[in-house]
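Here is how the chains run, residue by residue.
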Amino acid sequence: MSETIPKPALSLRERFAIYIDLTRFNRPVGSYLLLWPTLCALWIAAEGIPDTKLIIIFVLGVFLTRSAGCVINDFADRKIDAHVKRTSQRPLATGRISSKEALTLFAVLMLIAFSLVLFTNKMTILMSFGGLFLASLYPFMKRHTHLPQVVLGAAFGWAIPMAFTAVNESIPTIAWLIYIAKILWTVAYDTMYAMVDRDDDLKIGVKSTAILFGDLDKVIIGTLQLLTLIIFLLVGQQLNFSWSFYLGLAIAAILFIYQQFLIKDREREPCFKAFLNNHYAGLALFAGIFLHYMTL
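These remarks concern the structure in this document. Throughout this document, residue positions are counted from 1 along each chain, in the order its sequence is written. Residue-level local features of this predicted model are given only where pLDDT is at least 70; pairs of side-chain atoms are given and counted only at 80 or more, and the full residue set underlies all totals for whole chains, interfaces and linings. Where side-chain values are given, they derive from all heavy atoms of the structure, hydrogens and water being excluded.

1. Details of the packing of aromatic side chains
Right, on to step 1. Pairs were defined over the aromatic rings of Phe, Tyr and Trp, the Trp ring being its six-membered one, requiring ring centres within 6.5 Å. Orientation was assigned from the angle between planes: stacked under 30 degrees, edge-to-face over 60, tilted for the rest. In this structure the tally under the stated criterion is 18 aromatic pairs.
Right, on to step 2. Aromatic side chains W185 and F256 sit 6.0 Å apart centroid to centroid with 70° between the ring planes, which places their arrangement in the edge-to-face category. Highlighted residues: W185 in helix 9 (residues 173-204) and F256 in helix 12 (residues 243-262), separated in sequence by 71 residues.
Right, on to step 3. Partly exposed describes any residue whose relative accessible area lies between the buried limit of under 20% and the exposed limit of over 50%, with all areas from a 1.4 Å probe on protein chains only and scaled to the type maximum. Accessibility expressed as a relative area gives 3% for W185, which makes it buried.
Right, on to step 4. With a relative accessible area of 4%, F256 lands in the buried category.
Right, on to step 5. When the ring of F245 is compared with that of Y246, the centres are 5.2 Å apart and the planes differ by 80°; the resulting orientation is edge-to-face.
Right, on to step 6. Of the residues examined, F245 reaches a relative accessible area of 1% and is grouped as buried.
Right, on to step 7. One aromatic cluster is present, formed by Y32, W36, W43, F63, F286 and F290 through successive ring pairs. Strands are runs of DSSP state E lasting at least two residues, helices are runs of H or I lasting at least four, and both sets are numbered from the N terminus onward.

Below is the structure:
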């Protein structure tokens, strides 16, 4: 009769390395994709002079909530990640961490993020519950709809109206325009991300916009990118932005064209590279807004 050999206890260093892997702290591009639009909103809401306290709260909040989102996403996908080439070595897929421990880590990260929000105002605190709901909802949507990227966009962009409430306790039309642009943009770049896994997802029954769009994926991504640029152009016109904003917008447009070149053959590595490149498009937009207010 064979005996089950217990797994050796993990050292503190090994456990820390697993947490880093699970939260993607070692791969911050996903956080940058949230950060730049959030900072754009914060600078616009504060007319170029945001309170240092709010900058710290939102920067830390972005990194914490994105990391918590990665944890809950891996928890939701723990039984399917092993069947996807890109995710087969994730901690939950390989059993290096338990589901209970992952959920505890998610709760701790969200509680720390919520504690930061407590230093803002009542309206922003109430808004944060919407962000928690969206962040928790997204990972489970890929089983029920081909549009999980839309839910991800809503979650990724929720810090935008929160930035306005934190500054002015109101959400003007401009805030919602930026929020809509962020949703469209997220669907575009996360479809690129989903194109990397499309073959594996089709085999295991996971849904995504990459599957839904089919052969029209590149056209629809391009359309979403164009709509994103048009909305930001309207924002710039309504706020009477100077040349620096339009330069940043032009750079973002050039990067979008470059991304279309990368995804033209729908190959895994170039599609993933196109997804990552959106970080620079976001940086260009924020730099344009930052310079506008700096030169006033």
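Moving on, there is more to tell.
2. Observations regarding the packing of helix 12 against helix 13 (residues 268-294)
Right, on to step 1. Comment: axis = line fitted to C-alpha atoms, over the contacting stretch for helices; angle = value between 0 and 180 degrees taken between N-to-C directions. At their nearest, the axes of helix 12 and helix 13 sit 7 Å apart, and the two run at 175° to each other. Comparing their axes, helix 13 and helix 12 come out roughly antiparallel.
Right, on to step 2. When the residues that make up the contact of helix 12 with helix 13 are grouped by side-chain class, the tally is 17 nonpolar, seven polar and one charged. Here the angle decides the label: under 35 degrees means roughly parallel, over 145 means roughly antiparallel, 65 to 115 means roughly perpendicular, and every other value means oblique. Each residue gets one label: Ala, Val, Leu, Ile, Met, Phe, Trp, Tyr, Cys and Pro are nonpolar, Asp, Glu, Lys and Arg are charged, and the others, such as Gly, are polar.

3. Topic: the packing of helix 1 (residues 12-23) against helix 5 (residues 99-117)
Right, on to step 1. As a packed pair, helix 1 and helix 5 sit with axes 12 Å apart at the nearest point and diverge in direction by 70°. By the angle between their directions, the pair helix 1 and helix 5 is classed as roughly perpendicular. Seen from above, helix 1 lies across helix 5 with right-handed handedness. Judged by residue contacts, R15, Y19, L22 and T23 of helix 1 engage E101, A102, L105 and L109 from helix 5.
Right, on to step 2. Tallied by class, residues from the contact of helix 1 with helix 5 come to five nonpolar, one polar and two charged. Handedness of a crossing is defined here by the sense of rotation of the near helix relative to the far one, left-handed for an anticlockwise turn of less than a right angle and right-handed for a clockwise turn. Note on contacts: a residue pair qualifies if any of its non-hydrogen atoms lie within 4.5 Å across the two residues.

4. Overview of the pattern of salt bridges
Right, on to step 1. Salt bridges are defined by distance alone: a side-chain nitrogen of Lys or Arg within 4 Å of a carboxyl oxygen of Asp or Glu. Enumeration according to the criterion identifies eight salt bridges in this entry.
Right, on to step 2. Between D74 and R24 there is a salt bridge; the shortest N-O distance is 2.9 Å. With a gap of 50 residues between them, D74 in helix 3 (residues 52-76) and R24 in the loop between helix 1 and helix 2 (29-45) connect regions that are remote in the sequence.
Right, on to step 3. Taking relative accessible area as the criterion, D74 reaches 1% and is therefore assigned buried.
Right, on to step 4. For R24, a relative accessible area of 6% puts it in the buried group.
Right, on to step 5. As a salt-bridge pair, D74 and R90 come within 3.2 Å of each other at their nearest N and O atoms.

5. A few points about helix 1
Right, on to step 1. When the terminal C-alpha atoms of helix 1 are compared, their 16 Å separation across twelve residues agrees well with the 16 Å that a helix rising 1.5 Å per residue should span.
Right, on to step 2. Taken together, the buried positions of helix 1 are occupied by I18, D21, L22 and T23.
Right, on to step 3. Check the buried side of helix 1 and you find it contacts helix 3, helix 4 (91-94) and helix 5.
Right, on to step 4. Just past helix 1, the residue R24 takes up positive phi, approximately 65°. Expected span, for any helix, means 1.5 Å times one less than how many residues it has.

6. Considering a nonpolar patch on the surface
Right, on to step 1. Without a salt bridge and with relative accessible area above 30%, a residue can belong to a patch; like charges are then joined within 9 Å and nonpolar side chains (Val, Leu, Ile, Met, Phe, Trp, Tyr) within 5 Å. Exposure was quantified through the Shrake-Rupley algorithm and a 1.4 Å probe, taking into account, for residues, occlusion by the shown protein chains and nothing else. Together, L226, L227, I230 and L234 give the surface a local cluster of nonpolar side chains, amounting to about 330 Å² of exposed area.
Right, on to step 2. With respect to the helices and strands, the residue L226 is situated in helix 11 (residues 217-238).

7. Regarding the environment of G214
Right, on to step 1. Checked against the element boundaries, G214 lands in the loop between helix 10 (209-213) and helix 11.
Right, on to step 2. Spatially, the C-alpha atoms of G214 and R198 are 9.8 Å apart, while their sequence positions differ by 16 residues.

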